[in-house]
Each structure stands twice: as structure tokens, then as C-alpha cells.
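# Per-entry structural report
Here is what each chain is made of, one letter per residue.
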Amino acid sequence: MSEQGLIERIQDETDQIIELLRSLIERESPSHRKDLVDQVGAFIVEHLRANRFTPRVEPRKEVGDIIWAEWGKEAKGRVLVLCHIDTVWEPGSLARNPFRVEDGRIYGPGIFDMKSGVAATLKVQEYLARGWICPGKKVRFLYTTDEEVASLHSRAIIEEFARRSDLVLVLEPPLPGGGLKTFRKGVGRYVVKIHGKSAHSGLEPEKGINAVEELARQILDIHSLSAPEKGTNVTVNVARGGTAQNVIAEYAEAVVDLRFREIEEGERVDCTFRNLKPHVAGIRLEVEGGIDRPPMIKSRRSQELFQSAKHIAAELGIDLDEGESGGGSDGNITAALGVPTLDGLGITGDGAHAWHEHVEVAELAPRIALLARLIERL
Ligand SMILES: [Zn+2]
């Protein structure tokens, strides 16, 4: 099938693709709701079966079950196609932001990150089953369920599958305009727990140890760890503490987000968190967390892979760009193992983790065609 022919045949299915998206979006799936995420998993299992795949389910207790399936033989290589089916959206978000098509854009919770990417993989499975594309290699599809909460329950299987692959295609949202993400910052997360001592703030304040005061000082220290010129950002984005106006605060805590470009920078900040000292006498500090994902660094092989992808895209009439993302993904994990990784292959749109999250209807066919050809030719 010619390149234009492939795009046109996919375009003819636009209504079906939109219905497929509706099925995924109307099953809400926040990471922490195993019961709901498993409903999306069940939908994918059913779809795989209908397309002559043998779906495998890897049970998980605390998060949704992981789903995977494979196609073809290893003769000419092994490709891992990586998706997550959890979202950041609480149940009920759908009521405020219903699935809808407006002015050429499709809206709904998790559509850009990354249920439209998931839909693209489901379509590619149909095309494999129909013989529209013939990769002549082993293609594995892996659907994880906790990417939005640091992939603690899927990291091992992602690493295992990546090690058994020649390259990894990640269906995360692309950059604005559709560019791939060939560099991603590393990500860390910390919770600083501050233990003080309560006392009546009017009767005997001197007997208390104020955890909120310590929290205020720690926030300033933590923010000063940032080094924007090196691409390091450390921010306290959740702070809580205290119980009542007239009680010296016994407890407070801060949730910290770390983004870093250089491994040394990640280590510098991590080391500081391991050795935090209190300012207020009598305070006890406890630090949880650490570095979740290393930076996804450009390697010679990943650059070669991008150049090949750019060439394949050009034949489809797509001018494929690349760039950097401050957000981490499971692509960071596979790239850190040295397996060439292309990330940001999802459908072009905007607004990840925001209410205006959407994808472009006109981008559905070209991006699905691109994924199909990359699987076939890379
Ligand atoms: Zn994502």
C-alpha cells in the first residue's frame, strides 16, 4: 500500500477511531483506582482477542493489572510499543469535561496523555491482523497502569521488556506541533516530614516545638537548591501542617518535585535531601522518596533512530521534529538501559494534565500511519 493510500484508508475510519477514543475516555482510570483502571485493561484485552492476539495479564495488587501481547517472529528484530492506561484525572472529571468533538478537536480526561496514543496502538493491531502492515519482526505492546505515579509497580516489567527489544516506541503526547521527545529531564520526588511538639499557644508556647516554622524555613532552603542555568528545578508544590489556631503545630510536611538535566545535578540534590538538618531546636526530620526516573539522554543510537524516523515520516508527508521535555516518562527508564527510544509518538494536541487537554482530529490518520510505518520499517 502506498503512503498516501495508507493515510487515506485510515482517514476513512475516522468515525470508528473517534468511537474507540470515546470507549477509552468514558472509562475513567486514575492511577490510584485499580477497579477503574482494570476496566480499561479489560477493554484492551477484548480488543486484542478480537484481532487474533493472545493478551497476557500481569496481576498487580495496588494498581491496575498490566496488559501485554505480541505479534510476529523475531527474525528481523524486536520492537517494544509502550503505553500507560492510567491518567491523572479523579473520577468524576468526565462529568466536568465530557468526551466531545468540537471545531476539529477531541476533548476528554486523559485524551492527550495518553489515551489517544493507546487508541493508535489498538488501530495498529487491527492493521496487523488485516495484513495492512507486515513488520516481519516481533512487536510487543505493553500497557502499564501507574506511569502517572512514578511506575513503581511496572518498572521491572518495563526494564525486562526493554532489554529484550532493539528499540522502544513510546506513545506519550508529542511536543506542540507533533515533535518527538528525544531528551527528557530526570524526575525526583520527596516528602519531607517534620515532627515537632504540640502545646497551647497561649498558655505555654515555650513548651511547643513548631513544625510549621520549620516547614517555612525548609521551603526556602529547598527552593535554593534549584540551578535553572543547569536545568535543575526543585519546588515544594504541596505544603501542609498544623491542626488549629491555638495549638503549636506538632507536624508539617512538604511534597517536593525535582527536575534535572544532568545526572550529577540529580545526585547533588538527592544527597542534600538525605542530609537535611533542622533549623528549629528539637525538630525531627524524616525524608521519604528519591529519584524516580533518570534523564533520557540523547545517545548516538537514539539520534540515528530519530533520523530514520524522520525519513519515514517525510515519505508520509510529515515533517517530524524533535525537542526536549521537562516531563519524565517511562521512556526515561528504557533509554537509561541504553535501548534506543523514541518518545512522544502520540496524537498531536495540547494540554496534558489540564482541563483543555485535546487532540486534533486531522492528526489521527497521519500519526497512526506514522506509528504503523515506524513499527514496520525501523
Ligand atoms: Zn503520559
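Numbering of residues begins from 1 in every chain and follows the order in which that chain's sequence is written. At least 70 in pLDDT is required for a residue's local features to be given in this predicted model, at least 80 for side-chain atom pairs to be given and counted, and no such filter applies to totals for whole chains, interfaces and linings, which use all residues.

## Some thoughts on the overall build of the protein
Across its full length, the protein carries 11 helices and 16 strands. Radius of gyration here is computed from C-alpha atoms only, and the compact-globule reference equals 2.2 Å multiplied by the residue count raised to the power 0.38. By the compact-globule yardstick of 21 Å for 378 residues, the protein fits well, its C-alpha radius of gyration being 23 Å. Seen along its three principal axes, the alpha-carbon backbone of the protein occupies a region of about 80 × 45 × 40 Å. By definition, residue pairs are in contact when their C-beta atoms, positioned from the backbone, come within 7 Å. When contacts within the protein are restricted to residue pairs at least 6 apart in sequence, long-range pairs at least 24 apart make up 78% of them. Counting from the N terminus, the helices are the DSSP runs of H or I reaching at least four residues and the strands are the DSSP runs of E reaching at least two.

## Some points on the domain arrangement of the protein
Domain boundaries assigned for the protein yield domain 1 (3-185 + 295-377) and domain 2 (186-293). Bear in mind that the domain bounds are from an automatic or database domain assignment. Of note, the centres of domain 1 and domain 2, computed from C-alpha atoms alone, are 36 Å apart. With seven residues of domain 1 in contact, the opposing surface of domain 2 contributes 10 residues. Its residues assigned to classes, the side of domain 1 that touches domain 2 shows three nonpolar, three polar and one charged. Residues are sorted three ways: Asp, Glu, Lys and Arg are charged, Ala, Val, Leu, Ile, Met, Phe, Trp, Tyr, Cys and Pro are nonpolar, and all the rest, Gly among them, are polar.

## Here we look at the nonpolar core
Nonpolar cores are built from buried Ala, Val, Leu, Ile, Met, Phe, Trp, Tyr and Cys residues. These are joined into a set through C-beta atoms within 7 Å. Residue burial is a threshold on neighbouring C-beta atoms within 10 Å of the residue's own C-beta, all placed from the backbone, with 20 or more meaning buried, 12 or fewer meaning exposed, and counts in between meaning partly exposed. Within the largest apolar cluster, 71 residues are counted, with the highest numbers of intra-cluster contacts made by Leu82, Tyr143, Leu169, Ile368 and Leu371. Here tyrosine 143 is in contact with Gly41, Ile44, Ile66, Ile67, Trp68, Cys83 and Ile85, once residues within four sequence places are set aside. Tyr190, Ile209, Leu215 and Ile222 belong to the second largest nonpolar core, which has 19 residues in total.

## Description of unusual backbone geometry
Excluding glycine, a negative phi dihedral is what most residues carry, and trans is how most peptide bonds are arranged. For the peptide bond that leads from aspartate 113 to methionine 114, omega is -10°, which places it in the cis range. By secondary structure assignment, the location of methionine 114 is in helix α5 (residues 111-130). Although it is not a glycine, alanine 150 adopts a positive phi angle of roughly 80°. In this fold, alanine 150 is placed in the loop between β6 (138-144) and α6 (155-163). In this structure, histidine 353 takes a positive phi of about 65° despite not being glycine. Among the structural elements, histidine 353 can be located in the loop between β15 (349-350) and β16 (358-360).

## Considering the sheet that holds strand β5 (residues 105-107)
As summarised here, the arrangement of the four strands in space is β4-β5-β16-β15, forming an open sheet in which the pairing is antiparallel. Looking at strand neighbours, the two that pair on one side only are β4 (100-102) and β15, the edges of this open sheet. Summarising the sheet, β15 and β16 pair through two bridges and their orientation is antiparallel. Across the sheet, the residue bridging to aspartate 350 is histidine 358, located in β16. Along the sheet, α5 makes contact with β5, β15 and β16, crossing β16 at roughly 50°. Between N-to-C directions, angles cover 0 to 180 degrees, with each direction set by a line fitted to C-alpha atoms, over the stretch in contact for helices. Sitting on the sheet, helix α11 (residues 361-377) is in contact with β4, β5 and β16, with an inclination near 70° to β16. In this analysis, strands are considered paired if DSSP registers two or more bridges between them.

## A few points about the pairing of strand β2 (residues 66-71)
The element β2 is largely enclosed, with a buried count of six among its six residues. Residues of β2 alternate between two faces, with Ile66, Trp68 and Glu70 on one and Ile67, Ala69 and Trp71 on the opposite face, all of them buried. Judged from the three bridges that link them, strand β1 (residues 56-58) and β2 form a sheet pairing that is antiparallel. Opposite valine 57, over in β2, you have isoleucine 67 as the bridge partner. Pairing geometry for β2 and β6, over five bridges, is antiparallel. Pairing of alanine 69 across the sheet is with phenylalanine 141, part of β6.

## Describing helix α7 (residues 211-223)
The span expected for a helix works out to 1.5 Å for each residue beyond the first. With 13 residues, α7 should reach 18 Å at 1.5 Å per residue; the first-to-last C-alpha distance of 18 Å fits that figure. What α7 keeps buried is the set Ala211, Glu214, Leu215, Gln218 and Ile222. With its buried residues spanning 100° around the axis, α7 presents them on a single face. Close packing links the buried residues of α7 with β9 (186-195), β10 (233-241) and β11 (251-260). This arc describes the spread of directions from the helix axis toward the C-beta atoms.

## Some words on the sheet that holds strand β12 (residues 284-293)
Pairing within the open sheet is antiparallel, and its four strands lie in the order β10-β11-β9-β12. Edge strands, defined here as strands with exactly one partner in the open sheet, are β10 and β12. Mean inter-strand twist for the sheet, computed between neighbouring axes without regard to direction, equals 15°. Alignment of β10 against β11, held across eight bridges, turns out to be antiparallel. The residue bridging valine 238 from the neighbouring strand is valine 255, located in β11. The strands touched by α7 are β9, β10 and β11; relative to β10, the strand with the most contacts, the crossing angle is about 170°.

## Here's the deal with the packing of helix α2 (residues 14-25) against α5
Between α2 and α5, the shortest axis-to-axis distance is 10 Å and the interhelical angle comes to 125°. Looking at the two axes, α2 sits oblique to α5. In this structure, the crossing between α2 and α5 has a hand that is right-handed. Between α2 and α5, the residues in contact are Ile17, Leu20, Leu21, Leu24 and Ile25 and Ile111, Lys115, Ser116, Val118, Ala119, Leu122 and Lys123, respectively. In the contact of α2 with α5, the residues fall into nine nonpolar, one polar and two charged. Any angle that falls under 35 degrees is termed roughly parallel, while one over 145 is termed roughly antiparallel, one within 65 to 115 roughly perpendicular, and all others oblique. Note: crossing handedness is left-handed where the near helix turns anticlockwise from the far helix by less than a right angle, and right-handed where it turns clockwise.

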